[in-house]
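Coordinate inspection notes
Listed below, chain by chain, are the residues.
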Amino acid sequence: MKELLDLFFTFARIGGLTFGGGYAMLPMLQKEVVEKRGWATNEELMDYYAIGQCTPGIIAVNTATFIGNKTRGVIGGIVATLGVVFPSLVIITIIAAFISNFADLAVVKNAFAGIRVCVFVLILNAVVKLGKSSIKDAVTLGIFLVVLVGSLLLDISPIIFVLIAAVVGIAAQVLLKKGGAEA
Amino acid sequence: MIYLRLFFEFAKAGLFAIGGGLATLPFLQDISLRTAWYTSDQLADMIAVSECTPGPIGVNMSTYTGFTVGGVLGAVVATLGLIFPSIIVIIIVAKILKAFQDNKYVKAAFYGLRPASTGLIAAACLGVAQIALFNTGALESLKTAVSGIRYPALILAVVLWLLMNLGTFKRLKGNKVLAKISKLHPVVFLAASAIVGIIFKFGA
């Protein structure tokens, strides 16, 4: 029970400190889940994000379910997910009920423009950390660059990139190595 | 029964919206057209509020729409609807993964997936940089890209980066103050950036 409460409040904190989409959640996950609690590794976070791209639902929720499920089973998955949406429920309900022009307030606009700069730097740091463990050789560097440039320039669903990367990974690791051993 | 319908409409969005929170947007537009629960002007407000409040955008939008349609209970029901398919699907996927985690093909697939995942996050990061550091539409040509840089935001970004990373540099590792600063919780940097944004009117 204590662990479930810990799971709930950790994810509530992460949800409450995420500004933007699921990617903005990554720095918080690294701090709270990887560094502080050791519930998952950076590698596992990358796996969850890759799978979260190809499975139904928004990434933030998918990742919370994954980590909760890994820590405390099915109940853990449910509790972590409820935790991550809890702050939104409270904050949005209050704003929707009482503050009709919230997004137009000058103080909100200014604060959020500042926060956005910080979110950029936080995600940048998170990417560098992930890159250190995911980019190990020429093949992985190639995949990283192709996906980065491709998703910036082309209007292709991320699912396509994820699927191709998995195939390239299998080709490079299993098939080529096998061929090399036979030769 | 409006709550039951809310639950199913949002469960549908949760089931078919694949990817980030903004992937739910087309579904919210579709719901608005079919049900007349809210207008497209209201939807624009909901997106604006969802983007400048804490919490993942997709969750914020479903809570806001749910509240507009059915009050506090509507907000809860819509959000539960949104997360319901995720919970089921992810728990099943996690079970399958666990069964095959030592399979060499699965391992090799993840060897390829991880740099792809990093690349997608890096692209999202540049997307945030574009909004945070440049004026709207500045990146359409090289000329406007240079003149469209928001220098105060750029300076803040550089200062934040230095504060977060100086303590990890080899030469400066002995410095206890820098090391402490670089280990601060992200929320400290977020709060400081919000204050800087308010003082220097970043949103203007």
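Residues numbered from 1 in each chain as written. Chains lettered and ligands numbered in written order. Predicted model: local features only at pLDDT ≥ 70, side-chain atom pairs only at ≥ 80, totals over all residues.

**Considering the overall build of chain B**
Counting its secondary structure elements, chain B contains 9 helices and 2 strands. Of the regular secondary structure in chain B, the N- to C-terminal order runs α-β-α-α-β-α-α-α-α-α-α. Counting the 204 residues in chain B, one finds 43% classified as buried. In chain B, the share of contacts with a sequence separation of at least 24, taken over all contacts with a separation of at least 6, comes to 42%. (Helix = DSSP H or I, 4+ residues; strand = E, 2+ residues; numbered from the N terminus. Buried ≥ 20, exposed ≤ 12 C-beta atoms within 10 Å, placed from the backbone. Contact = placed C-beta atoms within 7 Å.)

**Some remarks on the interface of chain B and chain A**
Across the boundary between the two partners, chain B contributes 84 residues, which contact 93 residues of chain A. Among the secondary structure elements, those contributing two or more residues to the side of chain B that touches chain A are α1 (2–16), β1 (18–19), α3 (40–51), β2 (55–56), α4 (57–100), α5 (104–133), α7 (151–165) and α9 (186–199) of chain B. The biggest single contributor to the side of chain B that touches chain A is α5(B), with 25 residues.

**Re the confidence of the model for chain B**
All names here are of chain B. Counting all residues, the mean pLDDT for chain B is 88, and 98% of those residues have values of 70 or more. Within chain B, the element-level pLDDT minimum falls on β1, averaging 68, and the maximum on α7, averaging 95. Two summary scores accompany this predicted model of the complex, namely pTM at 0.88 and ipTM at 0.88. (pLDDT = per-residue confidence, 0-100.)

**Structural notes on helix α2 (residues 25–35) of chain B**
All names here are of chain B. Of all the residues in α2, the buried ones are F27, L28 and I31. When α2 is viewed along its axis, its buried side chains cluster within an angular range of 100 degrees and face the same direction. Facing away from the buried side of α2 by more than 90 degrees, the exposed set consists of P26, Q29 and L33. In the segment just after α2, A36 is the residue with positive phi, at about 60 degrees. (Arc of directions from axis to C-beta.)

**Observations concerning the domain arrangement of chain B**
For chain B, the assigned domains read domain 1 (2–100), domain 2 (103–149) and domain 3 (151–204). If you average the C-alpha positions of domain 1 of chain B and of domain 2 of chain B, the two centres end up 25 Å apart. (Domains from an automatic or database assignment.)

**Here we look at helix α5 (residues 106–134) of chain A**
Between the first and last C-alpha of α5(A) there are 41 Å, a value that for 29 residues agrees with the 42 Å anticipated at 1.5 Å per step. Across the 29 residues of α5(A), 22 count as buried, placing the element largely inside the fold. (Expected span 1.5 Å × (residues − 1).)

**Observations regarding the packing of α3(B) against α4(B)**
Residue and element names in this part refer to chain B. As a packed pair, α3 and α4 sit with axes 9 Å apart at the nearest point and diverge in direction by 135 degrees. Classified by the angle between their axes, α3 and α4 sit oblique to one another. Handedness of the α3/α4 crossing: right-handed. Side by side, α3 and α4 meet where Q42, M46, I47, V49, S50 and E51 of the first sit next to I57, N60, M61, Y64, T65 and T68 of the second. Taken together, the residues of the contact of α3 with α4 sort by class into 6 nonpolar, 5 polar and 1 charged. (Axes fitted to C-alpha atoms, helices over the stretch in contact; angles between N-to-C directions. Parallel < 35°, antiparallel > 145°, perpendicular 65-115°, else oblique. Left-handed = near helix turned anticlockwise from the far one by under 90°. Nonpolar A, V, L, I, M, F, W, Y, C, P; charged D, E, K, R; others polar.)

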